[in-house]
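# Chain and residue survey
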Amino acid sequence: MGKVWFVGAGPGDPDLITVRGRDLIARAGAILFAGSLVSAAAMRWAPAGCEIADSKDMTLDEIVAWLIARAQANEVVLRLQTGDPSLYGALIEMAQPLDAAGVELGVVAGVSSAMASAAAAVESLTLPEVTQTVILTRAEGRTPMPDGESLEDLARHHCTLCIYLSITLLARVVGALRAAGWRDDAPMLVVHKASWPGEERIVRGTLADIRDKCRAEKIGSQAMIIASPALGARRWPDLKKSKLYDATFTHRFRRASE
Ligand code: SAH
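Cut-offs and rules
Residues numbered from 1 in each chain as written. Predicted model: local features only at pLDDT ≥ 70, side-chain atom pairs only at ≥ 80, totals over all residues. Heavy atoms only, no water. Helix = DSSP H or I, 4+ residues; strand = E, 2+ residues; numbered from the N terminus. Buried < 20%, exposed > 50% of the residue type's maximum accessible area, 1.4 Å probe, protein only. Contact = heavy atoms within 4.5 Å. Lys, Arg positive; Asp, Glu negative; His and termini not counted. Charge placed at Lys NZ, Arg CZ, Asp CG, Glu CD. Salt bridge = Lys/Arg side-chain N within 4 Å of Asp/Glu carboxyl O. Phe/Tyr/Trp six-rings, centres within 6.5 Å; stacked < 30°, edge-to-face > 60°. Near = heavy atom within 4 Å. Polar contact = N/O pair within 3.5 Å; in protein donor to acceptor, adjacent residues only side chain to side chain. Areas by Shrake-Rupley, 256 points an atom, 1.4 Å probe, with all protein chains shown as cover. Domains from an automatic or database assignment. Buried area = accessible area lost by both parts, 1.4 Å probe. Nonpolar A, V, L, I, M, F, W, Y, C, P; charged D, E, K, R; others polar.

## Let's talk about the overall build of the chain
If you tally the helices and strands in the chain, you get 7 helices and 10 strands. Along the first, second and third principal axes, the C-alpha set of the chain runs to 60 × 50 × 40 Å. Within the chain, the fraction of its 258 residues that count as buried is 44%. Long-range pairs, those at least 24 residues apart, make up 67% of the contacts in the chain with a sequence separation of at least 6. Both charge centroids of the chain, one from 29 positive and one from 30 negative side chains, sit 5 Å from each other.

Next up, the structure:
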């Protein structure tokens, strides 16, 4: 019996898979990839003869059955997922039946789209004395939000919000932030297909105009919404600096110079 690996493929550009993930692809006997987001280019490292399939038309039961059957015939079987497998990836729903079938499994972390979006826009999700907290969440769609996790509740923290799976619900997102007291001029960032070669698009706006800007850019899918008081800080003249590099601050590796 082989082992099933849930591997984060990263946000789109195949270069953003980890070295560990790439090495597992190179050793894989079978790979099942999530076709809608994972670029087929990620399979460029698969060995000759590797069975490669797209899960886009499969139900969860079919995916699990596929993985178990391949693990009976191959040492290394991959479930290649977009971004990081621990975020909105149905990991536990697949792990439970694999556990029940006695199939060993492992997970390889990936670069999540929130991180790739911040990188694309050269933004920091945390900033001294502005916000030190990032919430990874989504707007309520068909999947209900648990108590206390409505976007409006979370937005009351006025920290950075990385909002997955919600670009078609942008009106709802804007409404929730308003209800939580975010001002009309609060900066917003939407990144479509972060890191995808030639397809990435970055839209900057405010709470008041981000919907119009996304509509004008025809962005209706595969996008990360980031709302944060730290957005745009690259151009701030009066930035509060990090203590770590402060000349008057002593820490384990350096004594204060003043
Ligand atoms: N596990 C993935 C998230 C899967 S949910 C991760 O860690 O990134 C799918 C959502 O992720 C999309 O609706 C979108 O909000 C976001 N997403 C995935 N890839 C993206 C990309 N390249 N650019 C922007 N957003 C992306």
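## What to know about the pattern of salt bridges
Across all of its chains, the model carries 11 salt bridges by this definition. For the salt bridge of Asp-185 with Arg-183, the shortest nitrogen-to-oxygen distance reads 2.7 Å. Of the residues examined, Asp-185 reaches a relative accessible area of 47% and is grouped as partly exposed.

## Describing the packing of aromatic side chains
Within this structure, the stated rule accounts for 1 aromatic pair. Judged by centre distance (5.2 Å) and plane angle (50°), the ring pair of Tyr-88 and Tyr-164 falls under tilted. With Tyr-88 in the loop between strand 4 (76–81) and helix 3 (91–100) and Tyr-164 in strand 7 (residues 160–164), the pair connects residues that are 76 residues apart, well separated along the chain. We classify Tyr-88 as partly exposed; its relative accessible area is 39%.

## Considerations on the site of the ligand
Neighbouring the ligand are 18 residues, the closest being Leu-87, Ser-112, Ser-113, Ala-194 and Ala-223. At 3.5 Å from a nitrogen atom of the ligand is found a main-chain nitrogen or oxygen belonging to Lys-193. Calculation on the ligand without its partners gives an accessible area of 550 Å², and the protein chains cover 93% of this total. When residues of the shell around the ligand are sorted by domain, at least three fall in each of domain 1 (3–108) and domain 2 (113–234).

## Considering the domain arrangement of the chain
A common measure of how large an interface is: the accessible area buried when the components associate. Here the chain is partitioned into domain 1 (3–108) and domain 2 (113–234). Using C-alpha coordinates to define each centre, domain 1 is positioned 29 Å away from domain 2. Facing 9 residues of domain 1, the contacting portion of domain 2 comprises 12 residues. Between domain 1 and domain 2, roughly 850 Å² of surface is buried when both sides are summed, and carbon and sulfur atoms account for 70% of that area. Summed over the shared surface of domain 1 and domain 2, the number is 0 salt bridges. Counted by class, the side of domain 1 that touches domain 2 contains 5 nonpolar, 3 polar and 1 charged residues.

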